[in-house]
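# Chains, contacts and geometry: an overview
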Amino acid sequence: MDELLAAGELAAGQLNFSADNVRLYAEYRRLAAEQAALRRLATLVAHGADPSEVFDAVVKEMRRCLVAERAGLWRYETSGEITLLAADHRSPAPMKWPVGTRTPIDGNTLAAMVLRTGRPARVDSYENSAGSLAARVRAEGVRATVGVPVIVDGRVWGLAAVGSVDPGPMPADTEVRISGFAELIGTAVVAGYRDEQKRQMLDDTSRRSLLIDSLLEGRVFDDCSLREVACHLRLPKDGPFVVIAAEVRSMGTEPLPVIESKLRSLDVYSVWHLLPDWQVGIVHVTSEQQLEKVVALVSRTAVDRVGVSARFNDLRATPQALHFAKMTLLGRPDPASPVAVFDGSILATAVLAAPEAMVKSARAALDPFADLPDGEREILFETFRVWQETDASVGATAERLCCHPNTVRYRLRRIEKRTGRSLSRPRDVAELCLAFEVQRRLI
């Protein structure tokens, strides 16, 4: 073949070709031209060209390589129509079938046969074909057509076809020759679809991040916008919700990896956002029991400490809930669990709502204990906390602390003496409760 090709480039008459050699040479040149066209188109697809650009290039190469009068690409619509996506014709006269036209699939036409069978088909004459589609083909002057299906994801997506204005059938190998072009079209469609999916995914991810930010920063105010935000984030509009905040120790690393899908396995809806210092989630919890399951899952997943807000019903309260989730981590850690849950009590809310001011106020009450050794000071503080939790019962406090009731009374008198406050006066008790709550959560 290479020798014949080289011979063909010599001046006419230098070699004596037999009829068989001439036919062989012509076939070789035809195959070489088709392969070159397919390579050009494949390169276009591989470089990520827009599908419409690929479609135009394919029909041009297809018509040229098959020496046909017309070539076109159509997409099958679910409405029972076909849409012309790209076309090329040899004649300089304008086409009567413009790109973008939708035409009903009726009659025994090429489009109908390919759609019905999913296989290549041909129509050798449209002279007696009925229907609007056949009439449009005749208006173009086309007498015979050959087409093959464009398969995308296992289904017939479209039709690639060529047409002749000469009477009689087109060459017998036309179906085979079109098939390579149809495969490239299918590849371009899939590549374009995937690129569009990626673009939409990036757009959706970007919009999702902006909407979560709007909730966390309190930039959603009226019911209408709140409903739209919740709908896009696939969250219920009404609670109860909690905000979960996990500290980010390494830039770009999620302290709660794949937590959203894990929660979804528990039928818990949530949205998560990775910030420079925090991974934050807004989680819909329908009951205390479900919240317990969420906390248990987060405890198993967490690689570091995590704060959980109290439950709230209105998404407009998300910024405040985020604040409490973060502030909850300032207290001493619980060795039994990395998750600290804010209880939402009035006392805790008062402490964490304005932490700087509360720490300053509490220090005035706690400074009288500064000269004590750490262990002794902690015993007094722990005694007061247990006494408070047991509703000021000396007996219950002694039982919890495994000591005699008189020991509890002695410790409480020491607290009264050092602070100058009496545990028999409600105001003094309230101030001490608040001071010790600050000490437990913030200092």
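Scroll up to find the structure.
Okay, so let's go over this structure. (Residues numbered from 1 in each chain as written. Predicted model: local features only at pLDDT ≥ 70, side-chain atom pairs only at ≥ 80, totals over all residues. Heavy atoms only, no water.)

## Considering the overall build of the protein
The secondary structure content of the protein amounts to 16 helices and 12 strands. Each of the 443 residues in the protein was classed as buried or not, and the buried ones make up 44%. Total accessible area on the protein is roughly 23,600 Å²; 54% of this is exposed by carbon and sulfur atoms. (Helix = DSSP H or I, 4+ residues; strand = E, 2+ residues; numbered from the N terminus. Buried < 20%, exposed > 50% of the residue type's maximum accessible area, 1.4 Å probe, protein only. Areas by Shrake-Rupley, 256 points an atom, 1.4 Å probe, with all protein chains shown as cover.)

## A few points about the environment of isoleucine 185
Examined against the element boundaries, isoleucine 185 turns out to sit in helix H6 (residues 174-216). As for isoleucine 185 and leucine 73, which are separated by 112 residues in sequence, their C-alpha atoms are 9.0 Å apart. In contact with isoleucine 185, not counting residues within four places along its chain, are Phe55, Val58, Leu73, Val150, Trp157 and Ala160. (Contact = heavy atoms within 4.5 Å.)

## Here we look at the packing of helix H12 (residues 355-366) against helix H16 (residues 426-441)
One can describe the packing of H12 onto H16 by two numbers: an axis separation of 9 Å at closest approach and a directional angle of 115 degrees. In terms of orientation, H12 lies roughly perpendicular with respect to H16. Between H12 and H16 lies a crossing of left-handed hand. Where H12 approaches H16, its residues Met358, Val359, Ala362, Ala365 and Leu366 are matched on the opposing element by Leu434, Ala435, Phe436, Val438 and Gln439. Looking at the contact of H12 with H16 residue by residue, the class counts come to 9 nonpolar, 1 polar and no charged. (Axes fitted to C-alpha atoms, helices over the stretch in contact; angles between N-to-C directions. Parallel < 35°, antiparallel > 145°, perpendicular 65-115°, else oblique. Left-handed = near helix turned anticlockwise from the far one by under 90°. Nonpolar A, V, L, I, M, F, W, Y, C, P; charged D, E, K, R; others polar.)

## Here's the deal with the packing of aromatic side chains
For any pair of aromatic rings, the description rests on two quantities: the centre-to-centre distance and the angle between the ring planes. Scanning all chains against the criterion turns up 8 aromatic pairs. Among the aromatic residues, those joined into a cluster by ring pairs are Phe369, Phe381, Phe384, Trp387 and Phe436. The cationic tip of arginine 264 hangs over the ring face of tyrosine 269; the distance from NZ or CZ to the ring centre is 4.0 Å. (Phe/Tyr/Trp six-rings, centres within 6.5 Å; stacked < 30°, edge-to-face > 60°. Lys NZ or Arg CZ within 6 Å of the ring centre and 35° of its normal.)

## Quick look at the sheet that holds strand E3 (residues 102-104)
Taken together, 6 strands build an open sheet; the order of strands is E3-E2-E1-E6-E5-E4 and the sheet is antiparallel. Each end of this open sheet is capped by a strand with a single partner; those strands are E3 and strand E4 (121-123). Put simply, the sheet's adjacent strands are angled 30 degrees from each other on average, direction ignored. For strand E5 (residues 144-152) and strand E6 (residues 155-164), the ladder comprises 9 bridges, and the chain directions are antiparallel. Within E6, the residue paired with alanine 144 across the bridge is serine 164. Helix H3 (residues 51-65) contacts strand E1 (70-76), strand E2 (81-89) and E6 of the sheet and is inclined by roughly 60 degrees relative to E2. Taken strand by strand, helix H4 (residues 110-117) contacts E1, E2, E4, E5 and E6, and its axis lies near 160 degrees from that of E4. (Pairing = 2+ DSSP bridges.)

## A few points about helix H9 (residues 288-301)
The first and last C-alpha atoms of H9 sit 20 Å apart over 14 residues, in line with the 20 Å expected at 1.5 Å per residue. All of the buried residues along H9 are Gln290, Leu291, Val294, Val295, Leu297, Val298 and Thr301. Buried residues of H9 fall within an arc of 165 degrees about the axis and therefore sit on the same side. What points out from H9, more than 90 degrees from its buried face, is the exposed set Gln289, Glu292, Lys293 and Arg300. Considering only its buried residues, H9 is in contact with strand E7 (238-247), helix H8 (259-264), strand E9 (278-284), strand E10 (306-308) and strand E12 (339-341). (Expected span 1.5 Å × (residues − 1). Arc of directions from axis to C-beta.)

## Points about the pattern of salt bridges
Enumeration according to the criterion identifies 22 salt bridges in this entry. The shortest N-O distance in the salt bridge between arginine 316 and aspartate 314 comes to 3.1 Å. Of the residues examined, aspartate 314 reaches a relative accessible area of 31% and is grouped as partly exposed. Here the salt bridges do not stand alone but share partners, grouping Arg75, Glu77, Glu81 and Arg102 into one network. (Salt bridge = Lys/Arg side-chain N within 4 Å of Asp/Glu carboxyl O.)

## Regarding the pairing of E6
Burial analysis of E6 places 9 of its 10 residues in the buried class, which makes it a mostly covered element. Sheet analysis places E1 next to E6, joined by 6 bridges and oriented antiparallel. Along E6, the bridge assignment pairs tryptophan 74 with leucine 159. As consecutive antiparallel partners, E5 and E6 are separated by 2 residues, and within that stretch aspartate 153 has a phi angle of approximately 55 degrees, a positive value.

## Considering the packing of helix H10 (residues 318-327) against helix H11 (residues 346-353)
With their axes 10 Å apart at the nearest point, H10 and H11 run at an angle of 90 degrees to one another. As summarised for this structure, H10 and H11 are arranged roughly perpendicular, according to the angle between their axes. Contacts from His323, Phe324 and Met327 in H10 reach Thr349, Leu352 and Ala353 in H11. Of the residues that constitute the contact of H10 with H11, the class distribution is 4 nonpolar, 2 polar and no charged.

## Notes on the state of the cysteines
According to the stated counting rule, one finds 0 disulfides in the structure shown. Distance from the sulfur of cysteine 403, which forms no disulfide, to the nearest cysteine sulfur (cysteine 402) is 7.8 Å. (Disulfide = S-S within 2.5 Å.)

## Concerning the pairing of E5
Along E5, 8 of the 9 residues are buried, which leaves the element largely enclosed by surrounding structure. Pairing geometry for E4 and E5, over 3 bridges, is antiparallel. When the bridges of E5 are listed, valine 123 appears paired with threonine 145.

## Let's talk about the side chain of histidine 273
Looking at where histidine 273 falls in the secondary structure, it is placed in strand E8 (residues 270-274). Within the local environment of histidine 273, its side chain forms a polar contact with the side chain of aspartate 213, the two groups lying 3.1 Å apart. (Polar contact = N/O pair within 3.5 Å; in protein donor to acceptor, adjacent residues only side chain to side chain.)

## A short note on H16
Under the 1.5 Å per step criterion, the end-to-end length of H16 is 22 Å for 16 residues, consistent within 8% with the ideal 22 Å. Contact partners of the buried residues in H16: H11, H12, helix H13 (374-389) and helix H15 (405-419).

## Points about unusual backbone geometry
The omega torsion across glycine 239 and proline 240 is 15 degrees, close enough to zero to call that bond cis. Counting through the fold element by element, proline 240 comes out in strand E7. Despite not being glycine, arginine 234 shows a phi value in the positive range, around 60 degrees. Secondary-structure assignment places arginine 234 in the loop between helix H7 (223-232) and E7. Of note, valine 258 is a non-glycine position whose phi angle comes to about 45 degrees, a positive value. Considering the arrangement of structural elements, one finds valine 258 in the loop between E7 and H8.

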